[in-house]
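The primary structure of each chain is shown beneath.
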Amino acid sequence: TNLFLASETEEQWRKIDKKVNKYPIQRSFTAIGSGGAAFKATMVKSVEDVVGTVHEECISERESSKGAYISVTVGPVWVESCEQIIEIYARMKEDGSDD
């Protein structure tokens, strides 16, 4: 499960990450929002701006049952550090907040 990092939990997350992850690693990122194709493009760009081009086969989407929301998964992609993960989540949160 991927969650947006809140500022009060970032330090705690970093401590856990340091214990359980060894970089580089492959990771997928998922976001749920409205806006259809525009939302998808924005979430993909949020990841690509940090790790570089993502191959099309590593991008998937699924509409909610009533079509009001879309779930976008980008990955797996290679990340080099926990800082890259934090940056991706920050970009996704910022770019997804307009919907």
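How each quantity is defined
- Residues numbered from 1 in each chain as written.
- Predicted model: local features only at pLDDT ≥ 70, side-chain atom pairs only at ≥ 80, totals over all residues.
- Heavy atoms only, no water.
- Pairing = 2+ DSSP bridges.
- Helix = DSSP H or I, 4+ residues; strand = E, 2+ residues; numbered from the N terminus.
- Axes fitted to C-alpha atoms, helices over the stretch in contact; angles between N-to-C directions.
- Contact = heavy atoms within 4.5 Å.
- Salt bridge = Lys/Arg side-chain N within 4 Å of Asp/Glu carboxyl O.
- Buried < 20%, exposed > 50% of the residue type's maximum accessible area, 1.4 Å probe, protein only.
- Core = buried A, V, L, I, M, F, W, Y, C linked by side-chain atoms within 4.5 Å.

A. Just the sheet that holds strand 3 (residues 70-79), in detail. Within the open sheet, the three strands sit side by side as 1-3-2. Their pairing is antiparallel. Each end of this open sheet is capped by a strand with a single partner; those strands are strand 1 (25-33) and strand 2 (59-63). Within this sheet the neighbouring strands show an average axis-to-axis angle of 20 degrees, counted without direction. Relative to strand 3, strand 1 runs antiparallel, the two being bridged by eight bridges. Bridged to I25 within strand 3 is V79. Where helix 2 (residues 36-51) meets the sheet, its contacts fall on strand 1, strand 2 and strand 3, and the angle it forms with strand 3 comes to roughly 15 degrees.

B. Layout of the pattern of salt bridges. Under the defined criterion, the tally for this structure stands at five salt bridges. The shortest N-O distance in the salt bridge between D49 and K45 comes to 2.7 Å. Residue D49 and its partner K45 are located together in helix 2, separated by four residues, close to a single helical turn. A residue is classified by how much of its surface remains accessible, and D49, at 39% relative accessible area, is partly exposed. What makes K45 partly exposed here is its relative accessible area of 47%. Taking the shortest distance from any N to any O, the salt bridge between R91 and D49 comes out at 3.4 Å. Here R91, found in helix 3 (residues 82-96), pairs with D49, found in helix 2; they are 42 residues apart in sequence, far enough to count as distant. Through salt bridges with shared partners, a single ionic network connects K45, D49, E87 and R91.

C. View of the nonpolar core. F29, V47, V54, V79, I88 and M92 are the most contacted members of the largest nonpolar core, which totals 23 residues. If you list the elements that add at least two residues to this core, you get strand 1, helix 2, strand 3 and helix 3. At six residues, helix 3 tops the list of elements feeding residues into this core. Other than its neighbours up to four places away in sequence, V47 contacts F29, G52, V54, V74, V77 and I88.

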